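Coordinate analysis (summary)
Here is what each chain is made of, one letter per residue.
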Amino acid sequence: MKQYLLAVHMVDGEPAPSEAQMQQAYQAVGVFNAELRSVGAWVFAGGLHPPSTATVVRAQGGRVVTTDGPFAETKEQLGGFWVIKAADLDAALDWAAKGSAACGGPVEVRPFQESPEE
Amino acid sequence: MPDPDAAAIERTYRESSGRAVATLVRLFGDIDLAEEAVQEAFAVAAERWPATGVPPNPGGWIVTTARNKALDRLRRESSRYSRETQAAALLEVGGETEEAGPVRDDQLRLIFTCCHPSLAAEAQLALTLRLIAGLQTPEIARAFLVPEATIAQRLVRAKRKIRAAGIPYRVPRDSELPDRLPFVLAVVYLVFNEGYTASAGDDLIRSELCAEAIRLARLLAELMPDEPEVLGLLALLLLTQARQQARTGSGGSLVLLADQDRGQWDQDLIAEGLGLVRACLRRNHPGPYQLQAAINAVHSDAAAASRTDWRQILALYDQLSTIAPTPVVALNRCVAVAEVHGPARALELVDQIGLDAYYLFHATRADLLRRLGRPDDARAAYDAAVTRTANRAEQAFLQQQRDRL
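Turning to the overall build of chain A, a few remarks are in order. Counting its regular elements, chain A contains 2 helices and 6 strands. Starting at the N terminus and walking to the C terminus, you meet the elements of chain A as β-α-β-β-β-β-α-β. Projected onto the principal axes, the alpha-carbon positions of chain A cover approximately 45 × 45 × 20 Å. By residue count, 17% of the 118 residues in chain A fall in the buried class. Considering only intrachain contacts with a sequence separation of at least 6, the fraction spanning at least 24 residues in chain A is 76%.

Let us look at the overall build of chain B. Helix and strand counts for chain B come out as 20 helices and 2 strands. With 405 residues in all, chain B has 42% of them scored as buried. Within chain B, contacts between residues separated by at least 24 positions form 64% of all contacts whose residues are at least 6 apart in sequence.

All names here are of chain A. What the 4 strands build is an open sheet, ordered 2-5-1-6; its pairing is antiparallel. In this open sheet, the two edge strands, each paired with only one partner strand, are strand 2 (42-47) and strand 6 (107-111). Across the sheet, the mean angle from the axis of one strand to that of its neighbour is 20 degrees, orientation sign disregarded. Sheet analysis places strand 1 (residues 2-11) next to strand 5 (residues 76-86), joined by 10 bridges and oriented antiparallel. Within the sheet, the bridge partner assigned to Lys 2 lies in strand 5 and is Ala 86.

Residues and elements named next belong to chain B. If you check which residues of helix 17 (residues 343-350) are buried, you get Ala 346, Leu 347 and Val 350. The buried side chains of helix 17 occupy one side of the element, clustering within an arc of 100 degrees when seen end-on. As for helix 17, its buried residues are in contact with helix 16 (327-341) and helix 18 (359-371).

Remember that side chains alternate between the two faces of the sheet whenever the strand is regular. Residue and element names in this part refer to chain A. Here strand 4 (residues 63-68) lies mainly on the outside; 0 of its 6 residues are buried. Here strand 3 (residues 55-60) pairs with strand 4 via 6 bridges, running antiparallel. Residue pairing in the sheet places Arg 58 in a bridge with Val 65 of strand 4. Hairpin connection of strand 3 to strand 4: 2 residues between the antiparallel strands, including Gly 61 at a positive phi of 55 degrees.

Okay, the nonpolar core next. Counting residues in each nonpolar core, the largest one holds 129 residues, and the members touching the most others are Leu24(B), Ile111(B), Val184(B), Val188(B), Ala213(B) and Ala235(B). Sequence-distant contacts of Ala213(B), defined by excluding residues within four places in its chain, comprise Val188(B), Val191(B), Phe192(B), Gly195(B) and Leu237(B).

Residue and element names in this part refer to chain A. Residue placement: Pro 106 occurs in the loop between helix 2 (89-103) and strand 6. When the C-alpha positions of Pro 106 and Leu 48 are compared, they lie 16 Å apart, and in sequence the two are 58 residues distant. Aside from chain neighbours lying at most four places away, what touches Pro 106 is His 9 and Ser 100.

The subject of this paragraph is the interface of chain B and chain A. With 6 residues of chain B at the interface, the matching set in chain A holds 5 residues. Of the residues belonging to the side of chain B that touches chain A, the class tally is 4 nonpolar, 2 polar and no charged.

Excluding glycine, a negative phi dihedral is what most residues carry, and trans is how most peptide bonds are arranged. Note the cis peptide between Gly69(A) and Pro70(A), where omega equals 0 degrees. Topologically, Pro70(A) is positioned in the loop between strand 4 and strand 5. Unlike most non-glycine residues, Asn284(B) shows phi in positive territory, near 60 degrees. Along the chain, Asn284(B) turns up in the loop between helix 13 (267-283) and helix 14 (288-301).

The next thing to look at is the packing of helix 5 (residues 106-114) of chain B against helix 6 (residues 121-131) of chain B. Residues and elements named next belong to chain B. In contact at an axis separation of 9 Å, helix 5 and helix 6 are set at 155 degrees when each is read in the N-to-C sense. As the angle between them shows, helix 5 and helix 6 are arranged roughly antiparallel. Seen along the crossing, helix 5 lies across helix 6 with a hand that is right-handed. Residues Leu 110, Ile 111 and Cys 114 of helix 5 form the contact with helix 6, whose participating residues are Gln 124, Leu 127, Thr 128 and Leu 131. The residue inventory of the contact of helix 5 with helix 6, partitioned by class, reads 5 nonpolar, 2 polar and no charged.

This next bit is on the confidence of the model for chain A. On average, chain A scores 90 in pLDDT, and the residues at 70 or more come to 97%. The element-level mean pLDDT for chain A is lowest in strand 4 of chain A, coming to 89, with strand 6 of chain A highest at 97.

With that settled, consider the environment of Val25(B). All names here are of chain B. Inspection of the secondary structure assignment puts Val 25 in helix 1 (residues 4-28). Measuring from C-alpha to C-alpha, the distance between Val 25 and Gln 107 comes to 9.5 Å, with 82 residues separating the pair along the chain. Leave out the neighbours within four places in its chain, and Val 25 touches Ile 31, Ala 34, Leu 110 and Tyr 169.

Moving on to helix 11 (residues 228-241) of chain B. For helix 11 of chain B, which comprises 14 residues, the first-to-last C-alpha distance of 20 Å matches the rise-based estimate of 20 Å (1.5 Å per residue) to within 8%. With 14 of 14 residues buried, helix 11 of chain B lies mostly within the body of the structure.

All names here are of chain B. Considering the arrangement of structural elements, one finds Ala 336 in helix 16. When the C-alpha positions of Ala 336 and Arg 157 are compared, they lie 41 Å apart, and in sequence the two are 179 residues distant. In contact with Ala 336, not counting residues within four places along its chain, are Trp 310, Ile 313, Leu 314 and Tyr 317.

What follows covers the confidence of the model for chain B. Close reading of the predicted structure is inappropriate where its pLDDT is low. Residue and element names in this part refer to chain B. The predicted model of chain B has a mean per-residue pLDDT of 87, with 89% of residues at 70 or higher. When the elements of chain B are averaged for pLDDT, strand 1 (residues 200-201) gives the smallest value, 54, and helix 17 the largest, 97. Segment residues 94-104: pLDDT under 50, and 11 contacts once partners within four positions in sequence are set aside and those in other chains are kept. As a predicted assembly, this complex carries a pTM of 0.73 together with an ipTM value of 0.85.

Residue and element names in this part refer to chain B. Where helix 16 meets helix 17, the closest approach of the two axes is 7 Å, and the angle between their N-to-C directions is 160 degrees. Between helix 16 and helix 17, the interaxial angle falls into the category roughly antiparallel. Note on packing geometry: the crossing formed by helix 16 with helix 17 is right-handed. Within the contact between the two elements, helix 16 uses Leu 331, Cys 334, Val 337, Ala 338 and His 341 and helix 17 uses Pro 343, Arg 345, Ala 346, Leu 349 and Val 350. Tallied by class, the residues present in the contact of helix 16 with helix 17 amount to 8 nonpolar, 1 polar and 1 charged.

What counts and what doesn't
Residues numbered from 1 in each chain as written. Chains lettered and ligands numbered in written order. Predicted model: local features only at pLDDT ≥ 70, side-chain atom pairs only at ≥ 80, totals over all residues. Helix = DSSP H or I, 4+ residues; strand = E, 2+ residues; numbered from the N terminus. Buried ≥ 20, exposed ≤ 12 C-beta atoms within 10 Å, placed from the backbone. Contact = placed C-beta atoms within 7 Å. Pairing = 2+ DSSP bridges. Axes fitted to C-alpha atoms, helices over the stretch in contact; angles between N-to-C directions. Arc of directions from axis to C-beta. Core = buried A, V, L, I, M, F, W, Y, C linked by C-beta atoms within 7 Å. Nonpolar A, V, L, I, M, F, W, Y, C, P; charged D, E, K, R; others polar. Parallel < 35°, antiparallel > 145°, perpendicular 65-115°, else oblique. Left-handed = near helix turned anticlockwise from the far one by under 90°. pLDDT = per-residue confidence, 0-100. Expected span 1.5 Å × (residues − 1).

Here you go:
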C-alpha cells in the first residue's frame, strides 16, 4: 500500500461559506472520515486555522529567525488534509473525489516517498 | 546488399518491441526495467541470429530473452526487489494471468496507463508512441514538431510520475471509460498518422504502425461498441488505410488523392469504413473523428476525383471547425475552400493560419500559389516545405512539384 496526501486548498479572499454550508461540510467530512477508518484507509487528517495564524521559523547559521506567516505569498493556501493508504493512484483519486465532494473544494493528491524499510 | 539478419531484427523490432515492452511491464510492473530488458534482448538477437538463424517465433523469442534479462537484473539488484516479485514474474511467464477487466491485452492496458488523465497531454502522447508504437525519441520529436530534448525530458518525467504516484497498469472500469477514452483515441490516431506518413526515412508508409493503430482501434471498438467516437476513429483509419496502395507510385513516390488510381483502393476496407460512418450518422452524436471519417467517406464515394462532392466536404469541415477549432483543421478546410470558392479565397485563409513549422502548411500554400499563376512564390513555398519534412518520399514529391513549375 502506498500513502497519499490529499490536500485541500482554500483560496484567500473568496466569500466565506454560510453557517449552513459549514455545518453540511463538517457533517459530510465526518461521514467521509468514518468511511476511511472503516476500510482501513485512514492514516491521519486535520483541518487548519486560516493562513493568517501561521508563523514561519528559519534556522540559519546558528540563528533562528521567526516571522509572521504564511510562508508562500499566494492566494491558494493549505486548508486541511488527509493522509490515506491506497493501492494505487486510481484508488487514491477515488478517495479524493469523495473528499472533494465532502469538503466542497479541490483536492490535490500527492504520493508520499516510500520509507526505506518498506 | 542489406544483411538479411539485420533486416529480420529490424522487422521484429517494428512488429513486436511494443508488445514485448507491454508484456514485460505486466510481468514486472516497471516501465524502465521493461524497456531496458527489451533493448538488451534485441542486442542479444543482433549478436546471435547471424550465427543461429532467425528463430521461428522472433517476437516470442524477444519476450523470453527480455524476461530473462529482467530477472538477471532483479537478482543483481535484489535489495530493491523482493523475492516475491521475482517469483511472481517467473510464475506468470508463458501463461495468461487472470484479468479483472474486460480486455486481456497487455498493450491496451498499458495504453490506458500512458493516457492516464493525471499525466499531461503531451506526456501521454510521447509515452504511447514510445511504449506502444515503439518509436524512438527523435521520431516522436518530429511527430510533435518539438525539439528532441523536450521529448526526452517529457518521457523521463512521465515515467517518474507513473512510478512515484502509483499510476496502475489496468484497463479502467466501465464507469471511468468516458473520461479516459478521448486521450486514448487521440493517441491511436497519432500512431496511425506516424505510420501513414513516417516522419523520417525512406519508406513513405510504415505499414506496421498503421496496422498497429487499426488493431488498437478495433480492440477499442470491441470493448466500447456504443462509443460513437471509437467507431468514428476506426472508420477514419480504415478509409484512410484503404487508399494506401494507390498512394504510392513507382519507386515509392507520393501520389496525391486527385491523381490516385481509384481502382487500387481497397473496397473491403472502404465498405467496412462506410458501414461504420453510416452507423455513426444514425446515432447522431457527431465528434471530431466521426466528422473526419465522414469527410473521407465523401472522397471514397466519388468514382473519380472530378466527381468529388466538395460542397459536402466543406460543410463537414465547417462543422469540424466548430467542435475542433485547431490550425490543422483550418488548413485542411482551406483545401475544400479552394475547390468550392477558388484558390484566391483559400490562400487568404491559409495566410491567417500560424503553422510555420508544419510542412503541409507550406505545401498547401505552394499549390495554391501555383494555381494562382505565381510560380516564384510557389517555388519559395515548396522550398520551405521541403526543409520541414524528413520523409524522403515527401521531399522527393515536393521537389518534383517544384521542378514542374
